[in-house]
Amino acid sequence: MSITVHASGVNKPADLPPAPVTRALISVFDKTGVLEFARGLHALGVEILSTGGTARMLAEAGVPVIEVSDYTGFPEMLDGRVKTLHPKVHGGLLARRDLPAHMAALEQHGIGRIDLLAVNLYPFQQTVARPGVTLDEAIENIDIGGPAMLRAAAKNHAGVTVIVDPADYQPVLQQLQTQKAVSGPTRFNLAVKAFGHTAQYDGAVANHLSAIAEDGSKAPLPATLTLQFERVQPMRYGENPHQFAAFYREAQPAPGTLATYQQLQGKELSYNNIADADAAWECVKAFEQPACVIIKHANPCGVAIGDGPLQAYRRAFATDPTSAFGGIIAFNRPVDGDTAQAVSKQFVEVLLAPGFGEDALAIMKDKPNVRLLEVPMAQGGNRLDLKRVGGGLLVQSPDEHRLTASALKVVTKRQPTPQQLADLLFAWQVAHYVKSNAIVYCGNGQTLGIGAGQMSRVDSARIASIKAANAGLDLQGSVVASDAFFPFRDGLDVVVDAGATAVIQPGGSMRDQEVIDAANERDVCMVFTGVRHFRH
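Cut-offs used in this document
Residues numbered from 1 in each chain as written. Predicted model: local features only at pLDDT ≥ 70, side-chain atom pairs only at ≥ 80, totals over all residues. Heavy atoms only, no water. Pairing = 2+ DSSP bridges. Helix = DSSP H or I, 4+ residues; strand = E, 2+ residues; numbered from the N terminus. Contact = heavy atoms within 4.5 Å. Axes fitted to C-alpha atoms, helices over the stretch in contact; angles between N-to-C directions. Parallel < 35°, antiparallel > 145°, perpendicular 65-115°, else oblique. Domains from an automatic or database assignment. Buried < 20%, exposed > 50% of the residue type's maximum accessible area, 1.4 Å probe, protein only. pLDDT = per-residue confidence, 0-100. Salt bridge = Lys/Arg side-chain N within 4 Å of Asp/Glu carboxyl O. Patch = residues over 30% accessible without salt bridge, like charges linked within 9 Å, V, L, I, M, F, W, Y side chains within 5 Å. Areas by Shrake-Rupley, 256 points an atom, 1.4 Å probe, with all protein chains shown as cover. Lys, Arg positive; Asp, Glu negative; His and termini not counted. Charge placed at Lys NZ, Arg CZ, Asp CG, Glu CD. Phe/Tyr/Trp six-rings, centres within 6.5 Å; stacked < 30°, edge-to-face > 60°. Lys NZ or Arg CZ within 6 Å of the ring centre and 35° of its normal.

1. So, the sheet that holds strand S3 (residues 66-67)
Line of reasoning, step 1. Strand order in the open sheet formed by five strands is S3-S2-S1-S4-S5, and the pairing between neighbours is parallel. Edge strands, defined here as strands with exactly one partner in the open sheet, are S3 and strand S5 (161-163).
Line of reasoning, step 2. Strand contacts of helix H8 (residues 145-155): strand S1 (23-28), strand S4 (116-120) and S5, with the helix running at about 145° to S4, the strand carrying the most contacts.

2. Considering the packing of helix H1 (residues 34-43) against helix H9 (residues 169-179)
Line of reasoning, step 1. Where H1 contacts H9, the two axes come as close as 10 Å, and the packing angle between them is 10°. Taken together, the axes of H1 and H9 are roughly parallel relative to one another. Along its contact with H1, which presents Val34, Glu36, Phe37, Gly40 and Leu41, the element H9 presents Tyr169, Leu173 and Leu176.

3. Considering the domain arrangement of the protein chain
Line of reasoning, step 1. Domain parsing of the protein chain yields domain 1 (23-211), domain 2 (257-374) and domain 3 (405-528).
Line of reasoning, step 2. With centres defined by C-alpha atoms, the gap from domain 1 to domain 2 works out at 46 Å.

4. Here's the deal with helix H4 (residues 87-94)
Line of reasoning, step 1. Within H4, the full set of buried residues consists of Lys88, Val89, His90, Gly92 and Leu93.
Line of reasoning, step 2. At its buried positions, H4 is contacted by S1, helix H3 (68-72), helix H5 (100-108), S4 and H8.

5. Quick look at unusual backbone geometry
Line of reasoning, step 1. With omega at -5°, the peptide bond leading from Ser436 into Asn437 counts as cis.
Line of reasoning, step 2. Its place among the elements puts Asn437 in the loop between helix H16 (418-431) and strand S17 (439-442).
Line of reasoning, step 3. Its identity is not glycine, yet Lys180 carries a phi of approximately 65°, on the positive side.
Line of reasoning, step 4. For Lys180, the position within the fold is in the loop between H9 and helix H10 (184-209).
Line of reasoning, step 5. Located in the positive-phi region is Asn444, a residue other than glycine, with phi close to 55°.

6. Quick notes on the confidence of the model for the protein chain
Line of reasoning, step 1. Of the residues in the protein chain, 97% reach a pLDDT of 70 or more, and the chain-wide mean stands at 89.
Line of reasoning, step 2. Mean pLDDT across the elements of the protein chain bottoms out in helix H6 (residues 124-128) (79) and peaks in strand S11 (residues 327-331) (97).
Line of reasoning, step 3. Low confidence marks residues 1-7, where pLDDT is under 50. Its contacts with residues over four positions away, or in another chain, come to 14 contacts.

7. Here's the deal with the pattern of salt bridges
Line of reasoning, step 1. Taken as a whole and judged by the stated rule, the model has 14 salt bridges.
Line of reasoning, step 2. Measuring nitrogen to oxygen at the nearest pair gives 3.0 Å for the salt bridge that ties Lys193 to Asp165. Taken together, the positions of Lys193 in helix H10 and Asp165 in the loop between S5 and H9 put the pair 28 residues apart, joining distant regions of the chain.
Line of reasoning, step 3. In the salt-bridge network here, residues are joined through shared partners; they are Arg489, Asp493, Asp497, Glu521 and Arg522.

8. Focus on a nonpolar patch on the surface
Line of reasoning, step 1. A grouping of Leu221, Leu225, Leu227, Phe229, Tyr248, Leu384, Leu386 and Leu393 is seen on the molecular surface, where their side chains present a nonpolar patch of about 610 Å² in accessible area.
Line of reasoning, step 2. In this structure, Phe229 sits in strand S6 (residues 229-235).
Line of reasoning, step 3. Residue classification places Phe229 among the partly exposed residues on the basis of a relative accessible area of 35%.

9. Observations regarding a negative patch on the surface
Line of reasoning, step 1. Where like charges cluster on the molecular surface, the negative patch consists of Asp336, Asp338, Glu358 and Asp359.
Line of reasoning, step 2. Note that Asp338 resides in helix H14 (residues 337-343).

10. A look at the packing of aromatic side chains
Aromatic ring pairs are reported here in terms of the distance separating the ring centres and the angle at which the planes meet.
Line of reasoning, step 1. Scanning the model with the defined rule gives seven aromatic pairs in all.
Line of reasoning, step 2. Here the aromatic rings of Phe124 and Tyr201 are separated by 6.3 Å at their centres, their planes lie at 65°, and the arrangement is edge-to-face. Of this pair, Phe124 sits in helix H6 while Tyr201 is found in helix H10, placing the two residues 77 residues apart along the sequence.
Line of reasoning, step 3. Joined through ring pairs, the aromatic side chains of Tyr313, Phe317 and Phe331 make up one cluster.
Line of reasoning, step 4. Between the NZ or CZ atom of Lys88 and the centre of the ring of Tyr71, over which it lies, the distance is 4.6 Å.

Written as structure tokens, this is what we have:
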């Protein structure tokens, strides 16, 4: 953190002295809480300046207010594009209170100090999110005067309080009521918030406009990508103790994403906890039936559906009890007491669900270190998939492709039975969330063996069958999903030798016919999806 040293000797927020408020300028699009705030300021003897709709609302409610156009002696013009761009506004915000020359300039030009600014901006992001929004509509919702005032007030936080969030009205008002001034650290933190707000706003404008082509069409990704995240939680360390880390969240995370969690109990989340919890949540919410997903080191080690969460959990746990030790468990249904009782018998790091019954919470209280995360069950997903590389960023749309039975192409003589078809779709859904190369054996809505992250698809197939054997699970009559095509018949032979009788894979290899011939030779069913699910 670096702050310019003023003549007053300020070099850290704690050095800033309290600042009184005698005049405030309020101009907000989002009017949540602003009337109560203005009434509180008026009760303290603060003179209030305002513009347009905000001024009308305050006046109609009986709060004395001075229109900015009356204050500056210059009318609003150009359909409201010019309202606050005036020296009497910006001089009042920018003048340093500790410099006699600045104060003399204000007096010479009849400019009064503005000690508090409450501004929020035109709803640009909400406007451009509407289907069919035009370029003209987007342009007219680019705020000019608001960001200019915010930056001026934030720069001069040594003497000015700046507010962009209605949630900050009451804390500021309380300080003024109890201390007759706003503290230096509070003004600094509010200024940082204001700069973040204007940066995010300008980034949203650049992102939207840079995605518009000359013919008016919209590109899926912008030419300029500006992202902003707010720090939610500093962490003890990252993936390893020698790495520092923190968890950051989008200002408006998409519904149904992990960032919307509420922690109900347990130790502080670690870097690895959050990474694995995200993998578990994205996988489990993809199923319509009651489902349970157990994650270890970013890969599913057990996935199952059932009549309810308890049955789904027991079947998922049976896939690989050894790997499930110390894992992350996610449900797509609220956890009840019976399910909590079963889960409490194993060592679990994080338990996620869209809700927890009172009996479940009571049971988990006996496991105070277990982190319980409640995440709303909503669709939407992550809007962009990001991966940092040295000096750059890979950006793609999220892999949200959902396969239906009608999209499958049976390429063998043997046709899938209805049960095999259901299991093939289930296995394909699981493979979607397993690190490549991925091989997943399934049967009756339960994973039986999972091979993940190997350089060779054949090795993944062998590891998956070994996992099943170690868990005492029979692969005879199972189905297998492969996240990408079989480049040779050897991988197919391995899964059939293990007991699989049906295979789902994307197809698309130069040797597809060789693999199809091998499937016919082994008298197994094989279907192509036409879509692969690499996960790196």
